[in-house]
Amino acid sequence: MNNDLDKLVTESVNEKSRNIDRVSTEKMIEIINNEDKKVALAVEKEKHKIAEAVDLITTALKNGGRLIYMGAGTSGRLGILDASECPPTYGVSSDLVQGLIAGGEKAIRNSIENAEDSKEEAAAHLQDINFTKNDFLVGIAASGSTPYVIGGLEYAKSKGAKTAALSCNPDSKIAEVADVSIAPVVGPEVVTGSTRMKAGTAQKMVLNMLSTATMIKLGKVYKNYMVDLQVKNNKLAKRAKNMIMEVSEVSYEKAEKYLKKTDYNVKLAIMMLNSGLEKRKAEQELEKYEGRLADAIKNNR
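Residues numbered from 1 in each chain as written. Predicted model: local features only at pLDDT ≥ 70, side-chain atom pairs only at ≥ 80, totals over all residues. Heavy atoms only, no water.

Explanation requested: unusual backbone geometry in the structure shown.
Leave glycine aside and you will find that most residues have negative phi; peptide bonds, for their part, are mostly trans. One non-glycine residue with positive phi stands out, namely Asp171, at about 55°. Within the secondary structure, Asp171 sits in the loop between strand E4 (162-166) and helix H7 (173-177). Positive phi outside glycine occurs at Tyr264, with the angle close to 65°. (Helix = DSSP H or I, 4+ residues; strand = E, 2+ residues; numbered from the N terminus.)

The following block contains the structure:
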């Protein structure tokens, strides 16, 4: 495999945007939009690999492991974004899903271009979080050739952990190292090599799928409601009450009453309302079914 930039799909020139600097603003937006339309179709072609990765991640988390994202630049920031949104959405610990970026925390806001060239930094970052064979690592790199990501995947492999590679180039270097390769090939960027665009959008879509599907399989969703959300502000409190009202078919007042009774635990409130159980017994039943609300309700009607 040749890792030269000029051989990579993500670095090639997009013929449809060659004259983008000489068209009207509206035409400019049209060109970008038409290219963006290709992203979802590219991701669709990788759905079997995405599902394979979700099953491996779910197994790792059920066995006490963590989901770790690792990338440089845009790829690293997207991993951090996805990880940071899991606790408020699904009520999980901030340790369960983590994002690591080449250059460390400073690189979240500032571009540190040379940081991505260090395999050693990747190993050090994983050592800092005590990465073990029980964890799952997703290496993210649009090019598929970032040394920092390769180093992370190699370190994870040396520990016996399962891994996935997320790239936008076929037959990438990170694909050779990982257990599962997810490669939505979105084609050349509108601005040559600007992989924060289509490649970044594709990566964001895949990361959404990985974390969301995993959380669903872990019982963090009932029907299509985020029943483990953390009620941290007025907007979320209103969302929680509406959720309880709709799922349990009760009044706003009753939803509010049970939300307060359970210390703003939406899942527990729904369990109590739909099973008739008192708080402690409802908690025990949810624990028995590993937080899977549908199973707990079904077996306690």
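What exactly am I supposed to notice about the pairing of E4 here?
Here is the key point about a regular strand: its side chains alternate between the two faces of the sheet. Counting buried positions along E4 gives four out of five residues, so the element sits mostly inside the fold. Alignment of strand E3 (residues 136-140) against E4, held across five bridges, turns out to be parallel. Residue pairing in the sheet places Leu137 in a bridge with Thr163 of E4. Between the parallel pair E3 and E4, the chain is carried across by helix H6 (residues 147-159), and the sense of this crossover is right-handed. Relative to strand E5 (residues 180-182), E4 runs parallel, the two being bridged by three bridges. Its bridge partner being in E5, Leu166 is matched across the sheet by Ile182. (Buried < 20%, exposed > 50% of the residue type's maximum accessible area, 1.4 Å probe, protein only. Pairing = 2+ DSSP bridges. Right-handed = clockwise from strand over helix to strand, strands pointing away.)

How do you make sense of the pairing of strand E2 (residues 97-101) when you look at a structure like this?
Counting buried positions along E2 yields four of five residues, so the element is predominantly enclosed. Of the strand pairs in this sheet, strand E1 (residues 67-71) and E2 are connected by five bridges, and their pairing is parallel. Note that in E2 the partner of Leu67 across the bridge is Val97. In terms of handedness, the path from E1 via helix H3 (residues 73-90) over to E2 forms a crossover that is right-handed.

Sorry if this is basic, but what is going on with the layout of surface pockets here?
The computed volume of the second largest pocket comes to approximately 250 Å³. Taken together, 13 residues line the second largest pocket, and the ones lying closest to its centre are Ile80, Gly99, Leu100, Ile101 and Glu105. Elements supplying a minimum of two residues to the lining of the second largest pocket: H3, E2 and helix H5 (119-128). Considering every element that reaches the lining of the second largest pocket, the biggest residue donor is E2, with five residues. Looking at the lining of the second largest pocket, its residues break down into six nonpolar, five polar and two charged. (1 Å grid on protein atoms, 1.4 Å probe; cavity = no way out; pocket = protein on both sides within 12 Å on 5 of 7 lines; lining within 4 Å. Points joined across faces, edges and corners; volume = space filled by probe spheres on them. Nonpolar A, V, L, I, M, F, W, Y, C, P; charged D, E, K, R; others polar.)

Spatial relationships are all this shows, so hold off on functional conclusions.
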